[in-house]
Amino acid sequence: MPLMPLLRRLPAAALQLRFLQLPQAAPAVAASARHQRKSLSTSATTGPSAQPTSPAGLQATVDVDSRVLTLHGAAADDQAGVATLNFPLAWLRDNCRCSLCHNSNSDSRQLLMNDFDPTAALTEATVEAGQLQLLWADGHRGCYPLDWLRARHFTEDGQVPPDLRLSKSIPRLWRDWPFRPDFLDGQAVMSDDAALLELLQRLELDGLVLLDNFGTDEDSLSRLCHRVAYPRRTHYGVIFRVESKPGPSNLAYTTGRLGFHTDLPYFEHQPDIQLLHCIRQTRTVPGGENTAARPPPEQFHLLATALTNFRDRNSDDLDKFHLLQRHPVLELGRGGQVRRIHLSNQQRDSVLRLPLGRVQAYYEALKEFNDLLYDPGHSLQLRLKDGQLAVFENGRVLHSRTAYQGERLFMGAYLSWDETLSRRRVLQGL
Ligand code: OGA
Ligand code: ZN
Ligand code: ZN
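Residues numbered from 1 in each chain as written. Chains lettered and ligands numbered in written order. Predicted model: local features only at pLDDT ≥ 70, side-chain atom pairs only at ≥ 80, totals over all residues. Heavy atoms only, no water.

A. Expanded view of the overall build of the chain. Across its full length, the chain carries eight helices and 24 strands. Here the chain, with 430 residues, has 47% of them falling under the buried criterion. (Helix = DSSP H or I, 4+ residues; strand = E, 2+ residues; numbered from the N terminus. Buried < 20%, exposed > 50% of the residue type's maximum accessible area, 1.4 Å probe, protein only.)

Written as structure tokens, this is what we have:
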């Protein structure tokens, strides 16, 4: 079963939080009336006359006009170059950590938006015993651990950079063609959390992981899926049997050749991750060809903008189904990079809603794109043996199959990135 990598590097899954830019806080001026002057001094401010109630050098000042509270001298040791930590008052009120506003068991905001006043005025700010304590004008008191604040301070450009380990890793290209991933040990993955973590990390980076020594038990795939998260149920079932069947509801259930495709492009959210477990295969299954080349820009533009209809209308022993969705073959991310590929010649609908004058160019682009996938210079050909398993990113690694004869049974399943990333973070203790 040949597999191929994404044509271009995927965008970083960086979390960009956007905030209104706040004016720079004005220098602290001692003043008690909140509506009066530029700045509201706090009891922790070491102004000329104020007695600090905080560790030496630690001060909090508030700029009333820009509505920003600034902590001076509170940066952590590893926050080199950070002189002050700024926090918008609206954000502080929104993120009050008191037990009324925040439920610590569920780590959720309990404060309703109905009860939130984004213009709430602050009366007093104190820094004491590792906490910022605030008294709001309506009498509400809140406290915030300094460590918690340090990880959330604001800069002119936004909030502190996210911990990159939390995001999906930026995929690494399969540079060393032909890409030959090592096989991970299937038994270890099932019993050892470190091995499972390695599988998940490699999947993020490479988009493809191979396991051997996974056994030929038909139920093993379900166990692996549940070890990661939850297999995604579709109209083909939870764990589906890929084998030649009479009256096949899907071309995969024949012995025929399958061109490069992604699975289930007729969903709004096609499956993120696919698993194929070889239970038995008595004949060689030669691979297809792959490429890391990218289509010429014009065709690229066409495939990224023209919407292709994908459809799956049939019935099998599970049910009748009629799935229908429109996608560009190349779905672009916010940065303009290919984020996901939607491609399945067998499920591409005969309904083609394109202006008459674009149809010819569309077909030529599709054809050229397809042919690039088969460029032999960048192929990964492999024939899974009994007890081996491939896990791959469906929207990034296209897969195909040559025709076969003889007995062959694969078990298939899908996982979602959200839940898979959740497992990876948990395994890392993040
Ligand atoms: C599939 C599929 C490939 C194979 O089930 O989605 O593409 O090798 N199968 O049978
Ligand atoms: Zn509160
Ligand atoms: Zn498939």
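From this point on, the discussion continues.
B. Inspection of the coordination of the zinc ion (ligand 2) at higher detail. Distances from the zinc ion (ligand 2) to its protein donors, Cys-96 (SG), Cys-98 (SG), Cys-101 (SG) and His-140 (NE2), fall at 2.1 to 2.3 Å. Around the zinc ion (ligand 2), the four donor atoms sit at angles spanning 100 to 115°, and that spread fits a shape best called tetrahedral. The sequence pattern describing where the donors of the zinc ion (ligand 2) fall on their chain is C-x1-C-x2-C-x38-H. Within this pair, whereas Cys-101 is found in the loop between helix H1 (89-94) and strand S6 (102-103), its partner His-140 is found in the loop between strand S9 (131-136) and strand S10 (141-145), the two being separated by 39 residues in sequence. (Donors = N, O, S within 2.8 Å, 3.2 Å for Na, K, Ca; no water. Tetrahedral: all angles 85-135°; square planar, octahedral: opposite > 155°, others 65-115°.)

C. How the structure looks around the pattern of salt bridges. For the structure on display, the rule yields 16 salt bridges. Ionic pairing is found between Glu-393 and Lys-168, a salt bridge with its closest N-O pair at 3.0 Å. Of this pair, Glu-393 sits in strand S22 (residues 389-393) while Lys-168 sits in the loop between strand S12 (158-159) and strand S13 (183-185), and the two are 225 residues apart along the sequence. You'll find Glu-393 and Lys-168 in the same group, each marked buried. (Salt bridge = Lys/Arg side-chain N within 4 Å of Asp/Glu carboxyl O.)

D. Just the nonpolar core, in detail. In terms of nonpolar packing, the biggest core is built from 28 residues, with Leu-69, Leu-71, Leu-92, Leu-132 and Leu-149 touching the most fellow members. Setting aside residues up to four positions removed in sequence, Leu-92 forms contacts with Leu-69, Phe-87, Leu-132, Leu-134, Trp-136, Tyr-144 and Leu-149. (Core = buried A, V, L, I, M, F, W, Y, C linked by side-chain atoms within 4.5 Å. Contact = heavy atoms within 4.5 Å.)

E. Quick look at the sheet that holds S10. Pairing in this open sheet of three strands is antiparallel, and the strands run S8-S9-S10 from one edge to the other. Strands at the two margins of the open sheet, each flanked by one partner only, are strand S8 (122-128) and S10. The average angle at which neighbouring strand axes cross in this sheet is 20°, direction not considered. With six bridges connecting them, S8 and S9 associate as antiparallel partners. Bridged to Glu-128 within S9 is Gln-131. (Pairing = 2+ DSSP bridges. Axes fitted to C-alpha atoms, helices over the stretch in contact; angles between N-to-C directions.)

F. How the structure looks around the sheet that holds strand S24 (residues 408-415). An order of S13-S14-S22-S17-S24-S15 is seen for the six strands of this open sheet, with the pairing classed as mixed. The two strands at the open ends of the sheet, each matched to only one other strand, are S13 and strand S15 (240-242). Looking at each pair of strands side by side, their axes are set apart by 30° on average, direction ignored. Each of strand S14 (208-212), strand S17 (273-281), S22 and S24 touches helix H5 (residues 220-228); the most contacted strand, S24, lies at about 15° to it.

G. Looking closely at unusual backbone geometry. Despite not being glycine, Arg-67 shows a phi value in the positive range, around 55°. Along the polypeptide, Arg-67 turns up in the loop between strand S3 (59-63) and strand S4 (68-72). Positive phi values are uncommon outside glycine, yet Leu-264 reaches one of about 55°. Residue classification places Leu-264 among the buried residues on the basis of a relative accessible area of 4%.

H. Quick look at the side chain of Thr-420. With respect to the helices and strands, Thr-420 occurs in helix H8 (residues 417-427). For Thr-420, a relative accessible area of 2% translates into the label buried. Every residue in contact with Thr-420, bar those within four places of it in the chain, is listed here: Leu-200, Val-228, Ala-229, Ile-273 and Leu-415.

I. Region of the structure containing helix H4 (residues 193-206). Taking 1.5 Å per residue, 14 residues should reach 20 Å; H4 reaches 20 Å between its end C-alpha atoms and fits that length. Turning to H4, its buried residues number three or more, namely Ala-195, Leu-196, Leu-197, Leu-199, Leu-200, Arg-202, Leu-203, Glu-204 and Asp-206. Where H4 begins, the side chain of Asp-192 points an oxygen toward the backbone nitrogen of Ala-194, at a separation of 3.0 Å. Directly after H4, the chain includes Gly-207, whose backbone phi takes a positive value near 75°. (Expected span 1.5 Å × (residues − 1). Polar contact = N/O pair within 3.5 Å; in protein donor to acceptor, adjacent residues only side chain to side chain.)

J. Up close: the packing of aromatic side chains. What the rule picks out here adds up to ten aromatic pairs. Ring centres of Trp-91 and Phe-154 lie 5.4 Å apart, and the angle between their planes is 75°; on these two criteria the pair is classed as edge-to-face. Of this pair, Trp-91 sits in helix H1 while Phe-154 is found in strand S11 (residues 154-155), placing the two residues 63 residues apart along the sequence. Its relative accessible area of 11% is what places Trp-91 among the buried residues. (Phe/Tyr/Trp six-rings, centres within 6.5 Å; stacked < 30°, edge-to-face > 60°.)

K. Layout of the coordination of the zinc ion (ligand 3). The zinc ion (ligand 3) binds to the protein through His-261 (NE2), Asp-263 (OD) and His-399 (NE2), with metal-donor distances spanning 2.0 to 2.1 Å. In primary sequence terms, the donor set of the zinc ion (ligand 3) follows H-x1-D-x135-H. Of this pair, His-261 sits in strand S16 (residues 258-261) while His-399 sits in strand S23 (residues 398-401), placing them 138 residues apart in sequence. Neither His-261 nor His-399 differs from the other in exposure class; each is buried.

L. Representation of the packing of H4 against H8. Their axes nearest at 10 Å, the elements H4 and H8 cross at an angle of 135°. Regarding the angle of H4 to H8, the classification is oblique. Crossing hand, H4 versus H8: left-handed. Every residue of H8 that contacts H4 at Asp-193, Leu-196, Leu-197, Leu-200, Gln-201, Leu-203 and Glu-204 is listed here: Trp-417, Thr-420, Leu-421, Arg-423, Arg-424 and Leu-427. Class assignment of the residues belonging to the contact of H4 with H8 gives a composition of seven nonpolar, two polar and four charged. (Parallel < 35°, antiparallel > 145°, perpendicular 65-115°, else oblique. Left-handed = near helix turned anticlockwise from the far one by under 90°. Nonpolar A, V, L, I, M, F, W, Y, C, P; charged D, E, K, R; others polar.)

M. Representation of the pairing of strand S19 (residues 320-328) within the structure. Where strand S18 (residues 307-315) meets S19, nine bridges bridge the pair, whose relative direction is antiparallel. Looking across to S19, one finds that Ser-315 is bridged to Lys-320. Count of turn residues in the S18/S19 antiparallel hairpin: four residues.

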